[in-house]
Amino acid sequence: MNIEALARPEIVAMQPYSSARTEAPARGILLNANEAPRSLLAGAGLNRYPDPQPQALVERLAALYGTRPDQVLVTRGSDEGIDLLTRVFCRAGRDAVLICPPTFGMYRIAAQSQGAAIVSLPRSPANGFRLDGPALLAALRTDPGIKLVFLTSPNNPSGDGVGQELLLELLEQARGRAVVVMDEAYAEFCGLPSSAALIDEHENLAVLRTLSKAWAAAGLRCGAVLAQPGLIALLRRVIAPYPLPSPVIALALRMLQDDMLERQRQLLAEVARNKTALLETLAGRTFLCEVIPGEANFVLARVGGGVNSGADSAADPAAALLAFCAERGVILRGFPAEPLLRGYIRITVGTREEIAALSTLLDEWGQRR
Ligand SMILES: *Cc1c(COP(=O)(O)O)cnc(C)c1O
């Protein structure tokens, strides 16, 4: 079976937009794209449209993620990959995406803006919100409307990874029916192998990677979809003609040079050490009834009710603690829109100093109760 049979027919049928830069390489006297003849900022080259998929960056990302260059689509972060996949595979009012909340919020937003239905398989707080593999397989088996399965490994915010055995079962179950999306935004922080190695064998697998988290470059807005060329070609039909600004391309190439690999390793080691320190400072706090360490650069914790509980914290016991910290300049993440995470807070692993500042605030909070 061909991946096109899973895509929206109108996307397969449409004549893709052909930009000036795709029709002719940026060489010679360029009078084809209505650009200005010179840049107002010397040397920046900003007067020219950028390469839609700069080969050097594509090759670098392919090497980094262990794929072939024709299996890479560079995107404005993983958020864009999520959006493109949803637009290509989900017909409004007919198709559905499968998600396992609590998870990354953008899957829902992408589905809703595309008019796709959301099949939701909630994770249970009883086991730290770990993914329920058998339930996932059963849902996929029984619901033919599901076109996209969003998996996150490690998951945000529970931090659990998706084992390769389950992924293989899902890919088999979904064959000819749905695309399985593995969002590996936090993969560098955990020990699991990337599922990019499975792309050659599975045309219905798409892997999302990003420079936003472990490459310390959220401001760059650079990520990639990894998949077989057929799937990449479908996504290229709906992506903006020039998704990557030229300064971003230049900075991403700089970011991924060999000398940065060692710096990135040091950063990952530092985050791992600081995470241990964060977990130590959270341990034994009586107002936290549960701490889920997970395998990424954040932890999830459940805040118990207590004498400090005002009207706010009666609705959500985490709200008072979040407000207390925010008033003192430390911003933690609450989840007011996610009923499953009532009472939970997510804490990103920061620097040693930031963890010490948080620790002081938690001491103060503990004494007030
Ligand atoms: C942060 C995050 C992203 C967003 O990545 P960008 O590349 O910055 O768009 C994607 N998926 C998950 C699970 C995330 O937590």
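Residues numbered from 1 in each chain as written. Predicted model: local features only at pLDDT ≥ 70, side-chain atom pairs only at ≥ 80, totals over all residues. Heavy atoms only, no water.

### Concerning the pairing of strand β7 (residues 223-226)
Turning to step 1, where the next piece is worked out: Residues of β7 alternate between two faces, with Gly223 and Val225 on one and Ala224 and Leu226 on the opposite face, all of them buried.
Turning to step 2, where the next piece is worked out: Judged from the four bridges that link them, strand β1 (residues 72-75) and β7 form a sheet pairing that is antiparallel. Bridging from a neighbouring strand, valine 72 pairs with leucine 226 of β7.
Turning to step 3, where the next piece is worked out: As paired elements, strand β6 (residues 205-210) and β7 share four bridges and run antiparallel to each other. Paired with leucine 208 across the bridge in β7 is valine 225. (Buried < 20%, exposed > 50% of the residue type's maximum accessible area, 1.4 Å probe, protein only. Helix = DSSP H or I, 4+ residues; strand = E, 2+ residues; numbered from the N terminus. Pairing = 2+ DSSP bridges.)

### Focus: helix α13 (residues 352-368)
Turning to step 1, where the next piece is worked out: Here α13 contains 17 residues, and its C-alpha end-to-end distance of 25 Å stays within 8% of the 24 Å for a straight helix at 1.5 Å per residue.
Turning to step 2, where the next piece is worked out: Contact partners of the buried residues in α13: α10 (258-282), α12 (317-327) and β10 (344-348). (Expected span 1.5 Å × (residues − 1). Contact = heavy atoms within 4.5 Å.)

### Examining the packing of α12 against α13
Turning to step 1, where the next piece is worked out: Here α12 crosses α13 at 125°, and the two axes come no closer than 11 Å. Between α12 and α13, the angle is such that the two are oblique. For the pair α12 and α13, the crossing hand works out as right-handed. Of the residues in α13, those in contact with Ala320, Leu321, Phe324 and Cys325 of α12 are Leu358, Leu361, Leu362, Glu364, Trp365 and Arg368.
Turning to step 2, where the next piece is worked out: The residue makeup of the contact of α12 with α13, split by class, is eight nonpolar, no polar and two charged. (Axes fitted to C-alpha atoms, helices over the stretch in contact; angles between N-to-C directions. Parallel < 35°, antiparallel > 145°, perpendicular 65-115°, else oblique. Left-handed = near helix turned anticlockwise from the far one by under 90°. Nonpolar A, V, L, I, M, F, W, Y, C, P; charged D, E, K, R; others polar.)

### Let's talk about the pairing of strand β3 (residues 117-120)
Turning to step 1, where the next piece is worked out: Summarising the sheet, strand β2 (residues 96-99) and β3 pair through four bridges and their orientation is parallel. Looking across to β3, one finds that leucine 98 is bridged to valine 119.
Turning to step 2, where the next piece is worked out: Considered for its hand, the β-α-β crossover made up of β2, helix α5 (residues 106-114) and β3 is right-handed. (Right-handed = clockwise from strand over helix to strand, strands pointing away.)

### Here's the deal with the domain arrangement of the protein
Accessible area lost when the parts come together is the quantity often used to give the size of an interface.
Turning to step 1, where the next piece is worked out: Domain parsing of the protein yields domain 1 (3-256) and domain 2 (262-368).
Turning to step 2, where the next piece is worked out: Centre-to-centre separation of domain 1 and domain 2, based on C-alpha positions: 30 Å.
Turning to step 3, where the next piece is worked out: Each partner contributes residues to the interface: domain 1 has 23 residues there, and domain 2 has 19 residues.
Turning to step 4, where the next piece is worked out: Across the domain 1/domain 2 interface, buried area totals approximately 1,600 Å², and carbon plus sulfur atoms make up 65% of it.
Turning to step 5, where the next piece is worked out: Summed over the three residues of domain 1 that lose the most area to domain 2, namely Phe129, Pro157 and Phe189, the buried surface amounts to 32% of that side.
Turning to step 6, where the next piece is worked out: Taken together, domain 1 and domain 2 are joined by zero salt bridges.
Turning to step 7, where the next piece is worked out: Applying the counting criterion to the domain 1 and domain 2 interface returns three residue pairs in polar contact (both at pLDDT 80 or more). (Domains from an automatic or database assignment. Buried area = accessible area lost by both parts, 1.4 Å probe. Salt bridge = Lys/Arg side-chain N within 4 Å of Asp/Glu carboxyl O. Polar contact = N/O pair within 3.5 Å; in protein donor to acceptor, adjacent residues only side chain to side chain.)

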